Amino acid sequence: MKKIFCKPNSMRDISTHYCAGCGHGIVHRLVCEAIDDLGIREKVIGIAPVGCAVIAYDYWDFDVTEAAHGRVPAVATGIKRMSPENIVFGYQGDGDLAAIGTAEIVHAANRGENITIIFVNNAVYGMTGGQMAPTTMLGQKTATSPFGRDQKRDGFPLKVCELISTLPGVSYAERVSTHSPQNILKAKRAIKKAFQSQLDGQGLSIVEVLSACPTYLGLSSEEAVKWMGETMIKEYPLGVFK
Ligand SMILES: Cc1ncc(C[n+]2csc(CCOP(=O)(O)OP(=O)(O)O)c2C)c(N)n1
Ligand code: SF4
């Protein structure tokens, strides 16, 4: 019988620690599938963030190191400059990349570092209890915005792809989503393109992946996916920004 579905070679066979319906597991797998498809596993070095994906290295069967909160692009820069033959990618949440690490990603992009960033936007700080993130939507209730994010007090949701794609050092920026099978397939294509851009020496490539955090949205897995498809993609339109 022909096997049509199996674990990617780049993925370890362990049980998930993520909550039911969390998008991180999907994105981890897509990264592995892209690496397998491109045949770059022996050359890849990943950098894990400080968030719910802090132990991404437990899932990935290739070289991975860890960076302090927001410092992923700086660590990636150092590794890539020392070892340009490696394919170096950072994996970051929105609290990590768009709050504590804003300066890191902006300057790495502006320098045109030949690295890839997988940016998982779930609109909250997941690991630390569902606080408001820069990406939290207006009106969205979180642990630190119990009446909903208020633009006057908290500002507007930060649109990372729109912002980063204006910098000349950026070769490729696309926003994708995990709220349906079709979108998950598109997300994989985008991750492959981002790695390819690095293989071609083009500069910084970034894929923003919209992802669900049902736990801190206070929704069931099904409701969270529906919320993404109906509400989140209106604020964060999908597409290629560069
Ligand atoms: C330098 C530093 N500041 C703050 C923290 C605390 N901290 C750990 S995870 C986290 C939030 C992560 O949120 P996000 O990046 O959105 O990832 P998610 O858990 O939602 O995937 C924070 C504030 C830390 N570990 N290190
Ligand atoms: S808290 Fe949210 S981001 Fe963290 S594992 Fe659970 S669903 Fe995923």
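Scroll up to find the structure this text is about.
Described below are features of the structure shown in this document. (Residues numbered from 1 in each chain as written. Chains lettered and ligands numbered in written order. Predicted model: local features only at pLDDT ≥ 70, side-chain atom pairs only at ≥ 80, totals over all residues. Heavy atoms only, no water.)

**Here's the deal with the pairing of strand β7 (residues 170-177)**
Piece 1. Counting buried positions along β7 yields seven of eight residues, so the element is predominantly enclosed.
Piece 2. For β7 and strand β8 (residues 204-210), the ladder comprises seven bridges, and the chain directions are parallel. Bridge pairing in β8 places E174 opposite V207.
Piece 3. As judged from the two bridges shared by β7 and strand β9 (residues 239-240), these two strands associate in the antiparallel manner. Among the inter-strand pairings, E174 is bridged to a residue of β9, identified as V240. (Buried < 20%, exposed > 50% of the residue type's maximum accessible area, 1.4 Å probe, protein only. Helix = DSSP H or I, 4+ residues; strand = E, 2+ residues; numbered from the N terminus. Pairing = 2+ DSSP bridges.)

**Some remarks on the state of the cysteines**
Piece 1. Applying the stated rule across the entire model yields zero disulfides.
Piece 2. Here C32 stays free of any disulfide, with the sulfur of C6 as its closest cysteine sulfur at 12 Å.
Piece 3. By relative accessible area, C32 is classed as buried at 0%. (Disulfide = S-S within 2.5 Å.)

**Notes on the site of ligand 2**
Piece 1. Contacts to ligand 2 come from Y18, C19, C22, H24, C52, N122, C213, P214, T215 and Y216.
Piece 2. Looking at the shell around ligand 2 element by element, the count peaks at three residues for helix α9 (residues 214-217).
Piece 3. Here the residues of the shell around ligand 2 are counted per class, giving seven nonpolar, three polar and no charged. (Near = heavy atom within 4 Å. Nonpolar A, V, L, I, M, F, W, Y, C, P; charged D, E, K, R; others polar.)

**A few points about the site of ligand 1**
Piece 1. Around ligand 1 sit 16 residues, and of these H24, C52, G95, D96 and G126 come closest.
Piece 2. Note that an oxygen atom of ligand 1 is positioned 2.8 Å from one of the backbone N or O atoms of D96.
Piece 3. Note that an oxygen atom of ligand 1 is positioned 3.1 Å from one of the side-chain N or O atoms of N122.
Piece 4. Relative to its unbound accessible surface of 590 Å², ligand 1 loses 75% to contact with the protein.
Piece 5. Residue assignment for the shell around ligand 1 shows that the elements contributing at least two residues are α4 (94-100) and β5 (124-125). (Polar contact = N/O pair within 3.5 Å; in protein donor to acceptor, adjacent residues only side chain to side chain. Areas by Shrake-Rupley, 256 points an atom, 1.4 Å probe, with all protein chains shown as cover.)

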